[in-house]
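A structural walkthrough
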Amino acid sequence: MSFDPAQGDHRDYRVNMRMQFKADDEPAASASRWFTLQSVMRYRVDATEPLLQINIEPRFMQAENNDEVLFSSAQPEAFEQSDIPSLMGAGFDLTLNRESGETRLQDNGRAALRALADQAEAPIDQFEPQLFAPALAQSVPARQGEQVTITGLQNLPALRLTVTQVDSNSVTATFKRAKDSSAPAHAMDGTAYGTSARFTDIHGRVRIDRDSGWIDAMTLISEQALTKGDRTARMRSAMTMQAVDNPTTGALYDSLKQFKTNTLLAAMPGTELHLPDSADAVPEDQAFEASKQPLAHVDSNFHIDDEDGALVLTIRYDEDTNAGLDELRLDTLTLRDANGKRLDKNFVLEWIGPDFTEGNTAEVRLLPLGWQKDDLNDIAEVQATFTYQPIDAPADVALPLQDTPTQLDDGPAHARAVPIDGGWRVTLRGSYTHYYTPDHAAVFEGDSAVTSDHADSGVRPTDQTLLDHVDNTNVWRQQFELKGDIDAFDLVLLRPRANTTTATIKFTRRDPVR
């Protein structure tokens, strides 16, 4: 199986990356620096001979340091005095050599990366993973168990790829650093001048379209040792690519903010899990009312969030619903101006789910694609089609805590407890509509319960979630450490109801067109 595209072929991808910087002399409990970069990239084949040449156009890009937005293409006012919009419009050129397997970013890309790095006051190396190749230059055997060594893949050392699954549509493989590959230190560019980096660990998964050779999905997790003078540090990175037909649509697990939730879980092990420690601490209102026709009668409007540059859709349900549990999916979006003319505007889904500032309300946040300011104020009407998946009434369950591992299973939902010194490590795994979660209506009689991100089987839960996303983005994990004299951990099991509701909703503008 090889990548042999025609000139003009193109694909769009959601690309997410998180990085953690931690000095080796930094206490384990201190706050580390987290950098998150999220993009929508369009890859276009410009030439096929003698080398494959691919242009990468960043249609959307947003960088954050912890919770601070460093820059966003949805807020182009920040770039008015820079060349970034024109550089992004020209895109980045990537060459793939099918004979040697070498994949390289060309010089024009380095200049654009340097402009972005200067804007974010960050090393260029933090941006280059966003420009990963959309295919492997070397051929991949379409046979389970076969292995091949991938060399020359941008700045990575040689990787050993092992095919794990083959079906009629795709080939899935895992990869890790080849045993005989060396990992020499390389100089970091940009604001990290004088810092050298060396890969100490790389692993990941990739799913490749069997007909075309384009990557369908990939997760790459790495660790690098950083050295500057006599100081040393570690940089842990996770990058995901997902081919997407329309970045506007999707459910919660497709949104930009949900990737940042995964980053938050990785960044905050040891955070107290707030569980009732007495009957007086149990919330009073624990009633569950199953949603019947949640989309039949709603109050719907939209507004423009000028600060973030977002189109915001608001749905207020007439009947009591479980908006915080049920799943809402955006399927289509149509925009019109005051004359009824259809508008051609493209977005990426930032958030879809409950509005935590207002009860019984859902919110959809969409950020525009493109680096030039797009006047969203000409939108007079929005029409959107949604699918609503209600959740059944929670079932009370208890996970036994013993001196040997215990586990509960229900379809895609799993809860596992492993004994550790003085307590248990509990890992929960499920889909976004079928999962176990701590019972906040039960009194926790243990001494402590905190979040964790421990690698029980060699991979941290937050990393394993991203690796699983290669096959299925509708999966998540969470881990806790429990201490105390307790023999069970109270949970509730949530399952999806058999019926879903689909409806087309019209949104009127909350404020008048300016």
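Just above, that's the structure.
The paragraphs below set out a description of the structure included in this document. Here the structure is a predicted model, which means the values were calculated and not measured.

Attention now goes to the overall build of the chain. For the chain, the helix and strand inventory stands at 4 helices and 29 strands. By the compact-globule yardstick of 24 Å for 514 residues, the chain fits well, its C-alpha radius of gyration being 24 Å. In terms of overall dimensions, the chain has C-alpha extents of about 70 × 65 × 50 Å along its principal axes. For the chain, the proportion of its 514 residues judged to be buried stands at 53%.

Here we take up the pairing of strand 7 (residues 147-150). Across the two faces of strand 7 the burial differs, with Val148 and Ile150 buried and Gln147 and Thr149 not buried at all. Pairing of strand 7 with strand 8 (residues 159-166), which is carried by 4 bridges, proceeds in the antiparallel orientation. Each residue of the ladder has a partner; that of Thr149, found in strand 8, is Arg160.

Let's shift gears to unusual backbone geometry. Here the bond from Glu49 into Pro50 is cis, since omega is -5 degrees, no more than 30 degrees from zero. With respect to the helices and strands, Pro50 occurs in the loop between strand 2 (33-47) and strand 3 (52-65).

This part takes up a negative patch on the surface. On the surface, a cluster of negative charge is made up of Asp396, Glu445, Asp447, Asp485, Asp487 and Asp490. Tracing the chain through its elements places Asp396 in strand 21 (residues 395-400). For Asp396, a relative accessible area of 63% corresponds to the exposed category.

This part covers helix 3 (residues 256-267). Taking 1.5 Å of rise per residue, 12 residues should cover 16 Å, and helix 3 covers 17 Å from first to last C-alpha, within 8% of that figure. Among all positions of helix 3, only Leu256, Gln258, Phe259, Lys260, Asn262, Thr263 and Ala266 are buried.

To describe a pair of aromatic rings, one takes the distance between the centres and the angle between the planes. If you walk through the whole model with that rule in mind, you get 9 aromatic pairs. Look at Phe386 and Phe507: their rings are 6.1 Å apart centre to centre, the planes differ by 65 degrees, and that puts the pair in the edge-to-face class. One end of the pair, Phe386, is in strand 20 (residues 381-389); the other, Phe507, is in strand 29 (residues 501-509), and 121 residues separate them in sequence. When its relative accessible area of 0% is taken as the criterion, Phe386 is described as buried.

Strand order in the open sheet formed by 3 strands is 21-28-25, with antiparallel pairing between adjacent strands. A strand with exactly one partner marks an edge of an open sheet, and here the two such strands are strand 21 and strand 25 (435-438). Across the sheet, the mean angle separating the axes of adjacent strands is 40 degrees when strand polarity is ignored. Both strand 25 and strand 28 (residues 488-494) contribute to a ladder of 4 bridges, which runs antiparallel. Within strand 28, the residue paired with Thr437 across the bridge is Val492.

Counting residues in hydrophobic clusters, the biggest one holds 62 residues, and the most contacted among them are Phe71, Phe92, Leu116, Phe127 and Leu161. If near-sequence neighbours (up to four positions away) are discounted, Leu161 is found in contact with Leu136, Val140, Glu146, Gln147, Val148, Ile150, Ala173, Thr174, Phe175 and Val206. Among the nonpolar cores identified, the runner-up in size contains 28 residues, and Leu275, Leu401, Ile486 and Leu493 belong to it.

According to the stated counting rule, one finds 26 salt bridges in the structure shown. Ionic pairing is found between Arg329 and Asp254, a salt bridge with its closest N-O pair at 3.5 Å. With Arg329 in strand 16 (residues 327-336) and Asp254 in the loop between strand 13 (231-243) and helix 3, this pair connects stretches of sequence that are 75 residues apart. Across the pair Arg495 and Asp410 runs a salt bridge, and its minimum N-O distance is 3.1 Å. Residue Arg495 is located in the loop between strand 28 and strand 29, and its partner Asp410 is located in strand 22 (residues 406-410); the two are separated by 85 residues in the primary sequence. Through salt bridges that share partners, Arg18, Glu223, Arg234, Arg236 and Asp463 make up one connected network.

With respect to the helices and strands, the residue Leu330 is situated in strand 16. For Leu330, a relative accessible area of 0% translates into the label buried. As for Leu330 and Leu349, which are separated by 19 residues in sequence, their C-alpha atoms are 9.0 Å apart. Not counting the four nearest positions on each side in its chain, Leu330 is found in contact with Thr248, Thr249, Gly250, Ile352, Val364, Leu366, Ala384, Thr385 and Phe386.

Conventions adopted
Residues numbered from 1 in each chain as written. Predicted model: local features only at pLDDT ≥ 70, side-chain atom pairs only at ≥ 80, totals over all residues. Heavy atoms only, no water. Helix = DSSP H or I, 4+ residues; strand = E, 2+ residues; numbered from the N terminus. Rg over C-alpha atoms; globule rule 2.2 N^0.38 Å. Buried < 20%, exposed > 50% of the residue type's maximum accessible area, 1.4 Å probe, protein only. Pairing = 2+ DSSP bridges. Patch = residues over 30% accessible without salt bridge, like charges linked within 9 Å, V, L, I, M, F, W, Y side chains within 5 Å. Areas by Shrake-Rupley, 256 points an atom, 1.4 Å probe, with all protein chains shown as cover. Salt bridge = Lys/Arg side-chain N within 4 Å of Asp/Glu carboxyl O. Lys, Arg positive; Asp, Glu negative; His and termini not counted. Charge placed at Lys NZ, Arg CZ, Asp CG, Glu CD. Expected span 1.5 Å × (residues − 1). Phe/Tyr/Trp six-rings, centres within 6.5 Å; stacked < 30°, edge-to-face > 60°. Axes fitted to C-alpha atoms, helices over the stretch in contact; angles between N-to-C directions. Core = buried A, V, L, I, M, F, W, Y, C linked by side-chain atoms within 4.5 Å. Contact = heavy atoms within 4.5 Å.

That is the geometry; function is a separate question.
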